[in-house]
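Geometric and topological summary
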Amino acid sequence: MSRFLDERYSGLDPYVPGEQPQDRSYVKLNTNESPFPPSPRVIAAIGGEEAEKLNLYSDPMAATLVRAIAKRFTAVLKKKGLPGISEKQVFVGNGSDEVLAFAFGAFCGKGRGVAFPEIGYGFYPVFAQFFSLDATPVPVKEDMSVDAAAFKGLSQTVVIANPNAQTGIYLPLSDIETLLSENKDRLVIVDEAYCDFGAESAVGLVGRYDNLLVVQTMSKSRQLAGGRVGFAIGSEEVIADLNAMKFSFNPYNLNRLSILAGAAAVEDEEYFLSATAAVIEERERLKKEFGKLGFESTPSLANFLLVRRGGIGGRELYLALKQKGVLVRWLGGRLSDYVRITVGSREQNDVLIAAVREILKEKSI
Ligand code: PMP
């Protein structure tokens, strides 16, 4: 720390992203990316003339992307007989981390604060610290599922990842709706980074609750982790607030290529559906395979599994897999017994299972 650092930040405990090692090639199952390349439409969109325009600023409203998101979600909602969403109800950011950061800054400050499940996305406490917010971690249930009832009566802005980070456990929409209806002056932010792998989105509730903000990302189900595209859907007023935050910080938060990549990704519904279906199928296969090898896993509806087994610690398994060229995530703390494993392609998962089998054999367990 230099002697120039502001006192506010001297105790900052930054978020630690999953390893991105460059030393050798790994079967990389540690940061919940998609195992598939982006849609061919994405590659075509960014391979065109746009790169020649990088001398010019990007559109600060990212209108092409906002329009494509509004159109796609309107189509999905209309199919369910629900009203669509307008472009004024969509905010886009440089990954959903940025969207969440703006939301923490805008809606969780003095006199309000923020409450989130104590097991969940590790960035929430970091944002709270960064913005000097009062943060209330809310205990989860015995089975690590989010305890919706424990949020009852809290006046803080609520942030819940659904399905939850780390565990993949899904909180039924009826519980989200209870949180929304019991106090309409409390904003509920639902972080749906992992909702496209078999869970139901809360976007359908946006028309009825102006205290709901749904945040999604293109990093997991739309193959754009490196493209950095996240978005939020909410009431026009809440979206206008987020835009005010953004225009006070970084108006050109999305670059030209990411705007086009995001729009092309959200327009290719067919590719999205087949890629998510493949991940779901592999997740269920992995769950079974791990079960056969004596592991238990949380009932994850996400693109990862959280697993543990008697006879081998989480860190030990993580290190042994790393040595065999398979990278998974050991989260430590309350989850020390576990490793979190991103669902890979069929081939990657076969390598993973073979490596786990070998490790158990070597340990004679
Ligand atoms: N929310 C949750 C629950 C996550 O796990 C992640 C991925 N680390 C994010 C948000 C952020 O994703 P991104 O910034 O890539 O959109």
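Rules used throughout
Residues numbered from 1 in each chain as written. Predicted model: local features only at pLDDT ≥ 70, side-chain atom pairs only at ≥ 80, totals over all residues. Heavy atoms only, no water. Domains from an automatic or database assignment. Contact = heavy atoms within 4.5 Å. Buried area = accessible area lost by both parts, 1.4 Å probe. Salt bridge = Lys/Arg side-chain N within 4 Å of Asp/Glu carboxyl O. Polar contact = N/O pair within 3.5 Å; in protein donor to acceptor, adjacent residues only side chain to side chain. Helix = DSSP H or I, 4+ residues; strand = E, 2+ residues; numbered from the N terminus. Pairing = 2+ DSSP bridges. Axes fitted to C-alpha atoms, helices over the stretch in contact; angles between N-to-C directions. Buried < 20%, exposed > 50% of the residue type's maximum accessible area, 1.4 Å probe, protein only.

The next subject is the domain arrangement of the protein. Looking at the assigned domains, one finds that the protein contains domain 1 (18-36 + 270-362) and domain 2 (40-267). Distance from the C-alpha centre of domain 1 to the C-alpha centre of domain 2: 26 Å. Contacts between domain 1 and domain 2 engage 25 residues on the former and 25 residues on the latter. Both sides together, the interface formed by domain 1 and domain 2 hides about 2000 Å², and carbon and sulfur atoms give 63% of it. Between the two partners, domain 1 and domain 2, sit 1 salt bridge. A salt bridge links R334 to E118; its shortest N-O distance comes to 2.5 Å. The interface formed by domain 1 and domain 2 contains 7 residue pairs in polar contact (both at pLDDT 80 or more). Counting residues per element, the ones that place at least two in the side of domain 1 that touches domain 2 are α8 (269-292) and β10 (304-308). It is α8 that provides the largest number of residues to the side of domain 1 that touches domain 2, a total of 7 residues.

Overall, mixed pairing links the 7 strands, which are arranged β2-β8-β7-β6-β5-β3-β4 in an open sheet. Looking at which strands have only one partner, the edges of the open sheet turn out to be β2 (90-93) and β4 (135-138). Sheet twist, expressed as the average angle between the axes of neighbouring strands with direction ignored, equals 20 degrees. Sheet analysis places β2 next to strand β8 (residues 230-234), joined by 4 bridges and oriented antiparallel. In the sheet register, V90 faces β8, and the bridge partner there is I233.

Turning our eyes to something else, we now look at the pattern of salt bridges. Considering all chains together, one arrives at 23 salt bridges under this definition. Between E289 and K292 there is a salt bridge, with the nearest N and O atoms lying 3.2 Å from each other. In this pair, E289 and K292 are both assigned in helix α8, 3 residues apart and thus about one turn of the helix distant. Overall, the relative accessible area of 16% leaves E289 in the buried class. What emerges from the salt-bridge pattern is a single network uniting E282, R285, R346 and D350.

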